[in-house]
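Letter by letter, the chains look like this.
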Amino acid sequence: MTEQQQKTGLYAALALAVGLALRLWFVHHAGRIDGDTLIYGDIARNWMQHGVYGFSVMANGLRPTLIRLPGYPLFLMLCFKIFGVDHYTAVMYVQCVIDLFTCLVIAALAGRLFGRRAAMAALWLTALCPFMATYTAAPLTEILTLTCIALTFYGLERWRSAGLGFNRWLWITTVTMAYAVLLRPEQGMLAAAVIPAMLWMVWQSPESSRSTWQKAALPVVLAAFCVVLPLAPWAVRNWRTFHVFQPLAPRYATDPGEDVPLGFQRWYRTWAIDFASTEEVYWNYDSAPIEMADLPPRAFDSNDQYTQTAAILNDYNRAYNATRSLDARFEALAQERIHDDPIRYYIALPVARLLNMIFRPRAEMLEIPLEWWRWKEHGETTFLAVGLALINLGYFVLGFAGLSRWRRNGWGPHRALVAAMVGFVALRCLLLLTLDNSEPRYTLEFFPLLIVWGSILFAAAPADRQRAA
């Protein structure tokens, strides 16, 4: 081993050690076992112990469900079998290891694209990223999703380098795309961005011609088929259990027969922007009180609307029950507001929600108040939130500056890879424009790509890379 290799190994080991320490700190000081974690855990426990993919209901035994895809419950089942049922702290430790593996994959991709120095920069940027590290302390789908994204794009680059045929990198890329869909339904956009890029690579390959293109594209066609294949048993199960065709999870996370408060959600979209409204209003509906003080001034266009809203919430707060009559009143109020300002509803607010998900401080996993910007009330925590916002902004600036540098230097043989990366980000942004609730974790998937793009800024000059080679 050369001296340079020894230094590289030492720096990499140090980055992983620091990254592990950061993740363990979050596990012990910011661990969260609530909300969706308990939903996934209940499904995994019942599936493992009783063979029923559903919830525990005290009066009626077990109730089947289809509101969550089976990818994460499968992971929890494996952890429960090894470490014991409901040992969520052990799950967090496993996620720490998986996230450090993701750091290595991101660094490896950066190294293949831009060289050793870029790989080391990407490793440190990933290991020290507080936003990725935070979610190791929450048994949720985020950590596994980030791993799937990183492995998919790394596998795509290796598949291109290996000759675009049937090889192990084709299967690695396919498996990670398929499992990503089993984790979260919207991760189908990963395959939607990558599969066309794979076809374009085959089309542009010097070895393929128009006469042989169909044969050369066979690996990609098979990969696309394998991505959707795991959804077939899930769709069959849902048809047999609920008599509905549901190959993915439903948008509103409701089982067949359950009412969806579409009127409330439409009214909510006429004013909601920030994560504070998601937690204080959106998640509370049908289970907890909603106070007028939690609504921002933009929720009312007139004194009459204020009075109407107060009356509706007053009736709701008597029992915290989302009835159809209440939903109809919310729907009428929403129609009035949309009629008064359709541009606000269809353009301004969706864009504002997307920007909020991208640029807010990402402090939802920490003990930082939802209204963190009120510095007179929260003091030091406001400065902590501002610091996190600046770090978050730094990653985005670094990523897009790196992407711009890459474009100026020329994409080289990686044009299709870049198109897949940018396409994935664009497709996800388009999806987020349609969501009701603003949650910063929905843009966490951008970070592996931002770090890879940004790593080019730390790469050696082309002449230096040639001498090193």
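See the structure shown above.
Okay, so let's go over this structure. The shown structure was predicted, so the numbers you read here are calculated from the model rather than taken from an experiment.

1. Focus on the side chain of Thr-270
For step 1, the next point in the chain: Topologically, Thr-270 is positioned in the loop between helix H13 (262–269) and helix H14 (275–282).
For step 2, the next point in the chain: Of note is the side chain of Thr-270, whose polar atom sits 2.4 Å from the backbone oxygen of Trp-267.

2. Considering unusual backbone geometry
For step 1, the next point in the chain: Here Leu-164, not a glycine, exhibits a phi torsion of approximately 70 degrees, which is positive.
For step 2, the next point in the chain: With respect to the helices, strands and loops of the structure, Leu-164 is situated in the loop between helix H7 (142–161) and helix H8 (168–183).
For step 3, the next point in the chain: In this model, Asp-286 sits at a positive phi of 80 degrees, which is unusual for a non-glycine residue.
For step 4, the next point in the chain: With respect to the helices, strands and loops of the structure, Asp-286 is situated in the loop between H14 and helix H15 (303–316).
For step 5, the next point in the chain: With a relative accessible area of 42%, Asp-286 lands in the partly exposed category.

3. Side note on the packing of aromatic side chains
For step 1, the next point in the chain: Under the defined criterion, the tally for this structure stands at 32 aromatic pairs.
For step 2, the next point in the chain: Both rings, one in Phe-114 and one in Trp-406, keep their centres 4.9 Å apart while their planes meet at 85 degrees; by these two values the pair is edge-to-face. You can see Phe-114 sitting in helix H4 (residues 88–114) and its partner Trp-406 sitting in helix H19 (residues 380–409), a full 292 residues away along the chain.
For step 3, the next point in the chain: Ring geometry for Tyr-268 versus Tyr-282: centroids 4.9 Å apart, planes at 45 degrees, classification tilted.

4. A closer look at the nonpolar core
For step 1, the next point in the chain: Counting 96 residues, the largest nonpolar core has Phe-153, Leu-156, Trp-159, Trp-406 and Met-421 as its most contacted members.
For step 2, the next point in the chain: Tallying contributions element by element places H7 first for this core, with eleven residues.
For step 3, the next point in the chain: Non-local contacts of Trp-406, meaning those with residues more than four positions away in its chain, are made with Leu-113, Phe-114, Trp-411, His-414, Val-418, Met-421, Trp-453 and Ile-456.
For step 4, the next point in the chain: One finds Trp-271, Ala-272, Val-281 and Tyr-316 within the second-largest nonpolar core, a separate group that totals 20 residues.

5. Considerations on the pattern of salt bridges
For step 1, the next point in the chain: This structure, assessed with the given rule, holds 24 salt bridges.
For step 2, the next point in the chain: Note that Asp-255 is salt-bridged to Arg-63, the shortest N-O span being 3.1 Å. Of the two residues, Asp-255 is situated in the loop between helix H12 (231–242) and H13 and Arg-63 in strand E2 (residues 61–64); the sequence distance between them amounts to 192 residues.
For step 3, the next point in the chain: On the basis of relative accessible area, Asp-255 is assigned to the buried category, the value being 6%.
For step 4, the next point in the chain: For Arg-344, the salt bridge identified is with Asp-301, shortest N-O distance 2.9 Å. Of this pair, Arg-344 sits in helix H17 (residues 342–359) while Asp-301 sits in the loop between H14 and H15; the two residues are 43 residues apart in sequence, bridging distant segments of the chain.
For step 5, the next point in the chain: Of the residues examined, Asp-301 reaches a relative accessible area of 37% and is grouped as partly exposed.
For step 6, the next point in the chain: Here the salt bridges do not stand alone but share partners, grouping Asp-36, Arg-68, Glu-142, Glu-439 and Arg-441 into one network.

6. Regarding a nonpolar patch on the surface
For step 1, the next point in the chain: Taken together, the side chains of Ile-343, Tyr-346, Ile-347, Val-351, Leu-355, Phe-359, Val-386, Leu-390, Leu-393 and Val-397 define a hydrophobic patch exposed on the protein surface, amounting to about 930 Å² of accessible area.
For step 2, the next point in the chain: Of all the secondary-structure elements, those providing two or more residues to the nonpolar patch are H17 and H19.

7. Topic: the environment of Trp-373
For step 1, the next point in the chain: Positionally, Trp-373 belongs in the loop between H17 and helix H18 (375–378).
For step 2, the next point in the chain: With relative accessibility at 40%, the residue Trp-373 sits in the partly exposed group.
For step 3, the next point in the chain: In sequence terms Trp-373 and Pro-139 are 234 residues apart; their C-alpha atoms lie 28 Å from each other.
For step 4, the next point in the chain: Those residues in contact with Trp-373 that sit more than four places away from it in its chain are Asp-274 and Thr-382.

Cut-offs used in this document
All chains use their own residue numbering, which begins from 1 and follows the written sequence. Per-residue local features of the predicted model are confined to residues with pLDDT of at least 70, and side-chain atom pairs are confined, for both listing and counting, to 80 or more; whole-chain, interface and lining totals are unaffected and use all residues. Note that the side-chain values use all heavy atoms of the structure and ignore hydrogens as well as water. Starting at the N terminus, helices and strands are each numbered in turn, a helix being any DSSP run of H or I of at least four residues and a strand any DSSP run of E of at least two. N or O atoms closer than or at 3.5 Å make up a polar contact, with two conditions inside protein: a donor-capable atom paired with an acceptor-capable one, and, for residues adjacent in sequence, both atoms drawn from side chains. Categorising residues by exposure relies on relative accessible area from a 1.4 Å probe, with only protein chains included: less than 20% of the type maximum marks a residue as buried, more than 50% marks it as exposed, and the intermediate range marks it as partly exposed. For Phe, Tyr and Trp, rings pair up if their centres lie within 6.5 Å, where Trp contributes its six-membered ring, and each pair is then called stacked (planes under 30 degrees apart), edge-to-face (over 60) or tilted (otherwise). Put simply, buried Ala, Val, Leu, Ile, Met, Phe, Trp, Tyr and Cys residues joined by side-chain atoms within 4.5 Å make one nonpolar core. Contacts between residues were defined by any pair of non-hydrogen atoms, one from each residue, lying within 4.5 Å. Criterion for a salt bridge: a side-chain nitrogen of Lys or Arg within 4 Å of a carboxyl oxygen of Asp or Glu. The patch calculation keeps residues exceeding 30% relative accessible area without a salt bridge and links them within 9 Å when they carry like charges or within 5 Å when they are nonpolar (Val, Leu, Ile, Met, Phe, Trp, Tyr). In these tables, accessible area is a Shrake-Rupley quantity obtained with a 1.4 Å probe, and a residue counts as shielded only by the protein chains included in the view.

The values reported here are purely geometric and, on their own, carry no functional implication.
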